[in-house]
Amino acid sequence: MMAPGSRSERWVLRLVVLALIVLVWEGLCRIGWASEFWVSRPFLIVERLWEAVRSTALWLHTGVTMIETVSGFLLGALAGTIAGFALARWRRAHVALEPYLMGIYSLPRVALAPLFIMWFGIGIPSKIMLAISIVFFILLINTYVGVQNVDRDLVNAVKTMGAPPRFVTRRVVLPSCIPWIFSGLRISMALALTASVVGEMLAAQYGLGFMLARASGTFDTTGIFMVLIVLALLAIGTYNLMARLEKRLLHWQGETTQI
Amino acid sequence: MPPKVTVSGLSIAFGPTRALDRVSLTVNDGEFVSIVGPSGCGKSTMLNVIAGLLPPSEGGTSVAGIEGNGGGSRIGYMFQKDTLLPWATALDNICLPMDVKGARDSHKARALMQLVDLTGFEGHYPRQLSGGMRKRVQLARLLAQDPEVLLMDEPFGALDAQTRLIIQEEFLKIWERQRKTVLFVTHDLQEAIALSDKVVLISARPGRVKATYAVDLPRPRRVDQVLAHPRFTALFQEIWASLKQEVLAAREKPT
């Protein structure tokens, strides 16, 4: 008997679920209750994935999508964080810009894709810009709210020790914003990937989104499912990377949730 | 010798509400003064003004003969709320006031950890410490700052009764050795009498100095023995009779 909730039991349970899904899916197709044309079939997908992994095409497309996602994420996060601090620091700028920022923030940013494709072409830059346009605002708002939520009592306590504003910023304001920034980063990573894929689906020559659009255009269900699996693996990988980084940097907070 | 802390004709108004009304008091060097009064009488507000966190509406305060908070780190402030940095270890929290001055001395910090009986917890984060331990870290941090005046705003108010008694004992022992000037705000009249040289009673809002009582109990004191002292009982009854009126008066006023 395995201990309930132990690591090995968890994995066994999860594999059982996977096996069930594959079995039912494959079985329904084999007995003819489901059509391969519409839902493909697990073994076909695995076969296609294996072929793709051995060829260079999948790596190229995955690489392009990752470059777009990571560059958009990093540039957007950096600019958004700096802008968030700036806005919290200069009240006037906040007052003047707030309605416009909220306006753009409320806009579904993928709607900007056609514009970016016109401006920056069908290559990598337009996807990076799209990712930036999403990530920037999330970090801007999270950082701003983080600064607003700094515990005034902590600030006062350190001030009465005779600390100059610079010291208060470095030792109190910055560290207390980090959880806010991180929660922004975690959402942003997933949304940056979404932005790249959507951009690629609209107009591109490379990338996983391009693969999806092409497969869909040729009614290649197996191809679509294969790309979806690659995307899911990428998303889980980056999420866990962020969670691990967060755990390291925020160990003073204790347990954080992780998949 | 001039008084260490002077509050002269201090009034504070928040909009139409007058919190403090022409309060004057002095604290001599090395004196332990407690301030008691009903909730909302402006006790904490007064400490905030002395600390320079809040501007006075009228009148003023001075520390060591200098207007305002005296500048630099002359004043050490211990809040009722936990004000330890949650992202810093106990040791780093104690070092904080030394970091402000740009002179970190981890030997001194370790000695202070020992003084407050927390050796072995240097690397713990605040969330890993009990309420009583966090108070002791704050006490050590206050001592690390080595200020001329300690302002304490119900520092032990949030602790359970037993832990409070133990911390009061420890604090009293440390204080009687160092004899720093203390201005101590509390709800707890027993605590005020047991620790102080002088108890100042503030009236219901708008807060005015209603009376000042000298606590002529011998030092060094031990909190548990003081509570059984006949002079303590007499003082308690005398001050409580007056304080009770204010507490009742404060209840009748809209807040």
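Residues numbered from 1 in each chain as written. Chains lettered and ligands numbered in written order. Predicted model: local features only at pLDDT ≥ 70, side-chain atom pairs only at ≥ 80, totals over all residues.

Some thoughts on the overall build of chain B
Under the convention used in this document: The secondary structure listing takes helices from DSSP runs of H or I that are at least 4 residues long and strands from runs of E that are at least 2 residues long, numbered from the N terminus. What the globule rule says is 2.2 Å times the number of residues to the power 0.38, and the radius of gyration is computed from C-alpha atoms. Placing C-beta atoms from the backbone, we regard two residues as in contact once those atoms come within 7 Å.
On a plain count of helices and strands, chain B comes out with eight helices and ten strands. Scaling as 2.2 N^0.38, a compact globule of 255 residues should have a C-alpha radius of gyration of about 18 Å, and chain B matches this with 18 Å. For chain B, contacts bridging at least 24 residues in sequence account for 71% of all contacts bridging at least 6.

Thoughts on the interface of chain A and chain B
Interface extent is often summarised as the accessible area lost during association of the parts. Stated formally: Gly is put with the polar residues, along with every residue not named as nonpolar or charged; the nonpolar set is Ala, Val, Leu, Ile, Met, Phe, Trp, Tyr, Cys and Pro, and the charged set is Asp, Glu, Lys and Arg.
In this complex, chain A contributes 14 residues to the contact, which on the side of chain B involves 18 residues. For the side of chain A that touches chain B, the secondary structure elements donating two or more residues are helix 8 (152-160) and helix 9 (165-202) of chain A. If one sorts the elements of the side of chain A that touches chain B by residue count, helix 8 of chain A sits on top with six residues. For the side of chain A that touches chain B, the per-class residue count stands at nine nonpolar, four polar and one charged.

Focus on the nonpolar core
Rules: Only buried Ala, Val, Leu, Ile, Met, Phe, Trp, Tyr and Cys residues enter a nonpolar core, and they are joined through C-beta atoms within 7 Å. Three exposure classes are used, based on other C-beta atoms lying within 10 Å of a residue's own C-beta, which is placed from the backbone: buried for 20 or more, exposed for 12 or fewer, and partly exposed in between.
One finds B:Ile94, B:Ala140, B:Leu151, B:Leu183 and B:Phe184 to be the most contacted residues of the largest nonpolar core, which totals 75 residues. Those residues in contact with B:Phe184 that sit more than four places away from it in its chain are B:Phe32, B:Val33, B:Ser34, B:Ile35, B:Met152, B:Leu195 and B:Ser196. Membership of the second largest hydrophobic core comes to 41 residues, among which are A:Leu87, A:Ile117, A:Ile134 and A:Cys177.

With respect to helix 8 (residues 230-252) of chain B
Residue and element names in this part refer to chain B. To be explicit about the condition: By this rule the span expected of a helix is its residue count minus one, scaled by 1.5 Å. The term bend refers to the angle at a residue between two fitted axes, each drawn through seven residues, those ending there and those starting there.
With 23 residues, helix 8 should cover 33 Å at 1.5 Å per step; its first-to-last C-alpha distance of 33 Å lies within 8% of that length. Roughly 25° is the biggest bend found in helix 8, and it falls at Trp240. Of the residues making up helix 8, those classed as buried are Leu235, Leu243 and Glu246. Each element contacted by the buried residues of helix 8 is listed here: strand 3 (32-36), helix 6 (189-195), strand 9 (198-202) and strand 10 (209-214).

Concerning the pairing of strand 6 (residues 75-78) of chain B
All names here are of chain B. Our working definition: One requirement defines pairing of two strands: DSSP has to find at least two bridges between them.
Burial of strand 6 is two-sided: the residues Ile75 and Tyr77 facing one way and the residues Gly76 and Met78 facing the other way are all buried. Strand direction decides the pairing type here: strand 6 and strand 7 (residues 149-153), joined by four bridges, are parallel. Pairing of Met78 across the sheet is with Met152, part of strand 7.

Regarding the sheet that holds strand 1 (residues 5-14) of chain B
Residue and element names in this part refer to chain B. What counts is decided by this rule: In this analysis, axes come from line fits to C-alpha atoms, helices being fitted only over the stretch in contact, and the angle between any two N-to-C directions falls in the range 0 to 180 degrees.
One open sheet accounts for four strands, arranged 2-1-4-5; its pairing is antiparallel. Each of the sheet's edge strands pairs with one partner strand only, and the pair in question is strand 2 (17-27) and strand 5 (66-67). Judged from the five bridges that link them, strand 1 and strand 4 (residues 58-63) form a sheet pairing that is antiparallel. Bridging from a neighbouring strand, Thr6 pairs with Ser62 of strand 4. Packed on one face of the sheet, helix 1 (residues 43-50) meets strand 1, strand 2 and strand 4 and runs near 115° to strand 1.

Digging into the domain arrangement of chain B
Residues and elements named next belong to chain B. Where we set the bar: Note: domain ranges come from an automatic or database domain assignment.
Segmentation of chain B into domains returns domain 1 (5-74 + 149-225 + 232-252) and domain 2 (86-146). A separation of 25 Å is found between the C-alpha centroids of domain 1 and domain 2. Taken together, the contact pairs eleven residues of domain 1 with twelve residues of domain 2. Broken down by element, the side of domain 1 that touches domain 2 gets its largest block of residues, five residues, from helix 5 (residues 161-178).

Details of unusual backbone geometry
Cis geometry marks the peptide bond from B:Arg205 to B:Pro206; its omega dihedral reads -5°. By the element assignment, B:Pro206 lies in the loop between strand 9 and strand 10. Here the amide bond leading from B:Arg219 into B:Pro220 is cis, since omega sits at -5°, within 30 degrees of zero. Its place among the elements puts B:Pro220 in the loop between strand 10 and helix 7 (223-226). In the Ramachandran plot, A:Ser40 falls in the positive-phi region, its phi being about 55° despite a non-glycine side chain. Within the secondary structure, A:Ser40 is located in the loop between helix 2 (36-39) and helix 3 (42-54). Given 21 C-beta atoms within 10 Å, A:Ser40 falls into the buried group. Notably, B:Glu154 is not glycine yet its phi reads approximately 40°, a positive angle.

Re the sheet that holds strand 9 of chain B
All names here are of chain B. Taken in spatial order, the six strands line up as 6-7-8-3-9-10 in an open sheet, and their pairing is mixed. If you trace the sheet from one side to the other, it starts and ends with strand 6 and strand 10, each paired once. Along the sheet, successive strands turn relative to each other by an average axial angle of 15°, direction set aside.

Describing the environment of B:Gly157
Here B:Gly157 shows up in the loop between strand 7 and helix 5. Expressed as a C-alpha distance, the spacing of B:Gly157 and B:Lys81, which sit 76 residues apart in the sequence, is 9.0 Å.

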